[in-house]
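The primary structure of each chain is shown beneath.
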Amino acid sequence: MSDLSFRTEMEFAYGEPRGLGPGLIRLTANNPSVFTFKGTNTYIVGDTSLAIIDPGPDDAAHRDAVLKAVGGRPVSHILITHTHRDHIDGLDAMVNATGAVVCGYGRDVSATDERLLSPSGRAFIDTDFEPEHPLRDGDEIAGEGWTLRAIHTPGHAPDHLCFHWAQRKIVFSGDHVMGWNTTVVAPPEGHMGDYLASLMKLTEIEADVFHAGHGGQIRDPIRVTKAYLVHRRMREQAIADAIRNGHDTINAVVALIYAQIDPALHRAAAMSVEAHVAHMIEKGMARVDGVLTHDTQISMTR
């Protein structure tokens, strides 16, 4: 269970709809990177009255492909998993094209931290997002032939929602669980304690498949989610051991544990270690004098 087996194969072509079963289509935006994999996934749910999940980046070719797949059918709702820009920047144009009601959690948390940058160093959050139809945990959105229940899953982002299509045993897992890689948990948006609690919540959902915000579908999703929990616990233990052995700053831990990864991912790795250390401080396992930075000396208390 502790071994993560990433699934990096994915059947797709930019601009082409991929049928994933009755009433379900995926289109992948052409915004690949080390953080978005092949690109951001947009899902179309329904046969007659439709919902769109995550319009993706502000990209005319992707929007046109989505609208072509819609084929003139009414789109009643646009659902937002979270307000990271690769998922939401195409929202305004999609609303203008469809007239759909926008549904999402909304930004009810502080977004004043000056470090509201992505692990790649770019601004990545739409802090002004205000959904027309705010959703909270357990709320449902329905159309002809489908009902989606919102599951509040903070951790990757405080406003993150997954959507459960119970009749089909499907979860649209956004960026919270992905099959191609681990999820970035980057403070201040990311919070490790919330992320772990949200993973536990997802293990209690009846689902046969997860459809993620990036990458292909995840079969046996509960086993995969539990494996991610074990992975995070093992990573916390490795960080704690590194600190006890004298690698007592975040930068020192990254240099030790992540020595073999692509340098483009070092910023993301440092943010992940920061999230783990902050979680250990919250639990009383570690302490720092003053503010936690990537150069602050950390000591273990137990």
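For every chain, the first residue of its written sequence is number 1, and the numbers climb from 1 along that sequence. For this predicted model, a pLDDT threshold of at least 70 governs which residues receive local features, and a threshold of 80 or more governs which side-chain atom pairs are given and counted, while totals over whole chains, interfaces and linings are taken from all residues. Just so you know, side-chain values use all the structure's heavy atoms and leave hydrogens and water out.

On a plain count of helices and strands, the protein chain comes out with 7 helices and 15 strands. By its C-alpha atoms, the protein chain is 60 × 40 × 35 Å across when sized along the principal axes. Per-residue burial for the protein chain yields a buried fraction of 53% across its 302 residues. Within the protein chain, contacts between residues separated by at least 24 positions form 60% of all contacts whose residues are at least 6 apart in sequence. Here the accessible surface of atoms and residues is derived via Shrake-Rupley with a 1.4 Å probe, and residues count as covered only by protein chains that are part of the display. Total accessible area computed for the protein chain in this model is approximately 12900 Å², and 48% of it derives from carbon and sulfur atoms. Every helix listed is a DSSP run of H or I at least four residues long, and every strand listed is a run of E at least two residues long, numbered separately from the N terminus. Note on exposure labels: buried denotes an accessible area under 20% of the residue type's maximum, exposed denotes more than 50%, and partly exposed covers the range between, all computed with a 1.4 Å probe on protein chains only. Note on contacts: a residue pair is in contact if any heavy atoms of the two residues lie within 4.5 Å.

What follows deals with unusual backbone geometry. Leaving glycine aside, a negative phi is the common case for residues, and trans is the common case for peptide bonds. The omega torsion of the bond from Pro187 to Pro188 falls at 5°, within 30 degrees of zero and hence cis. For Lys169, which is not a glycine, the phi torsion comes out positive at approximately 55°. Looking at where Lys169 falls in the secondary structure, it is placed in the loop between strand 10 (161-165) and strand 11 (170-174). Positioned with a positive phi, Asp220 is a non-glycine residue whose angle comes to about 50°.

Right, let's talk about helix 6 (residues 250-257) for a bit. Of all the residues in helix 6, the buried ones are Ile250, Val253 and Val254. Down the axis, helix 6 shows its buried residues gathered within 100° of arc, on one side only. Buried residues belonging to helix 6 abut helix 5 (221-244), helix 7 (266-282) and strand 15 (298-300). This arc is built from the directions going out from the helix axis to the C-beta atoms.

Let us now look at the packing of aromatic side chains. Note on aromatic pairs: the rings of Phe, Tyr and Trp (six-membered ring only in Trp) are paired at centre separations within 6.5 Å, and the planes decide the class, stacked below 30 degrees, edge-to-face beyond 60, tilted for the rest. Scanning the entire structure with this criterion turns up 3 aromatic pairs. A ring pair is formed by Phe12 and Tyr14, whose centres lie 5.0 Å apart and whose planes are at 75°; its orientation type is edge-to-face. Here Tyr14 falls in the partly exposed class, since its relative accessible area comes to 33%. Note on Phe37 and Trp180: the rings are 4.6 Å apart at their centroids and 10° apart in plane angle, and the pair reads as stacked. A residue pair is termed long-range when its members are at least 10 positions apart, and Phe37 in the loop between strand 2 (24-28) and strand 3 (41-45) and Trp180 in the loop between strand 11 and helix 4 (192-203) qualify at 143 residues. Take Phe37: its relative accessible area is 14%, and that puts it in the buried class. Any Lys NZ or Arg CZ that is within 6 Å of a ring centre and within 35 degrees of that ring's normal is treated as a charge sitting over the ring. One Lys or Arg, Lys38, reaches over the ring of Phe37 and ends 5.2 Å from the middle of that ring. Above the ring of Trp165, the side-chain terminus of Arg168 is found at 4.6 Å from the ring centroid.

Simply put, an axis is a line fit to the C-alpha atoms, just over the touching stretch for a helix, and the angle between two N-to-C directions goes from 0 to 180 degrees. Where helix 4 meets helix 5, the closest approach of the two axes is 9 Å, and the angle between their N-to-C directions is 155°. Classified by the angle their axes make, helix 4 and helix 5 are roughly antiparallel. Crossing of helix 4 over helix 5 shows left-handed handedness. For the pair helix 4 and helix 5, the contacting residues are Met192, Tyr195, Leu196, Leu199, Met200, Leu202 and Thr203 in the first and Ile222, Thr225, Lys226, Tyr228, Leu229, Arg232 and Arg233 in the second. Ten residues, namely Ala, Val, Leu, Ile, Met, Phe, Trp, Tyr, Cys and Pro, are considered nonpolar, four, namely Asp, Glu, Lys and Arg, are considered charged, and the remaining ones, Gly among them, are considered polar. A class-by-class count of the residues in the contact of helix 4 with helix 5 yields 9 nonpolar, 2 polar and 3 charged. The labels follow the angle: roughly parallel below 35 degrees, roughly antiparallel above 145, roughly perpendicular from 65 to 115, and oblique for the rest. Handedness of a crossing is defined here by the sense of rotation of the near helix relative to the far one, left-handed for an anticlockwise turn of less than a right angle and right-handed for a clockwise turn.

Now for the pairing of strand 10. Of all 5 residues that make up strand 10, 5 are buried, and the element is covered over most of its length. Burial along strand 10 is two-sided: Leu161, Phe163 and Trp165 and Cys162 and His164, pointing in opposite directions, are all buried. The pairing criterion for strands is at least two bridges between them, as found by DSSP. Here 4 bridges tie strand 9 (residues 146-152) to strand 10, and the two strands are oriented antiparallel to one another. Bridge pairing links Arg149 to His164 in strand 10. Sheet topology note: the strand 10/strand 11 ladder contains 3 bridges and is antiparallel. In the sheet register, Phe163 faces strand 11, and the bridge partner there is Phe172.

Here the focus is the state of the cysteines. Note on terminology: disulfide denotes any pair of cysteine sulfur atoms within 2.5 Å. Per the counting criterion, the structure on display carries 0 disulfides. Between Cys103, a free cysteine, and Cys162, which holds the nearest cysteine sulfur, the sulfur-to-sulfur gap is 16 Å. When its relative accessible area of 0% is taken as the criterion, Cys103 is described as buried.

To continue, consider the pattern of salt bridges. Where charged atoms from two side chains of opposite charge come close, those side chains can pair. Any carboxyl oxygen of Asp or Glu within 4 Å of a side-chain nitrogen of Lys or Arg constitutes a salt bridge here. Counted by the stated rule, this structure contains 10 salt bridges. A salt bridge links Asp58 to Arg63; the nearest nitrogen and oxygen atoms lie 3.9 Å apart. Asp58 gets classed as exposed once you look at its relative accessible area, which sits at 58%. Residue classification places Arg63 among the buried positions, given a relative accessible area of 18%. A salt bridge links Lys169 to Glu206, with the shortest nitrogen-to-oxygen separation between them at 3.2 Å.

Turning next to the sheet that holds strand 9. Read from one edge to the other, the open sheet built from 6 strands follows the order 8-9-10-11-12-13, with strand pairing classed as mixed. Lying at the two open borders of the sheet, with one neighbouring strand each, are strand 8 (140-143) and strand 13 (218-219). Of the strands in this sheet, strand 9, strand 10 and strand 12 (209-212) are in contact with helix 4, which crosses strand 9 at around 145°.

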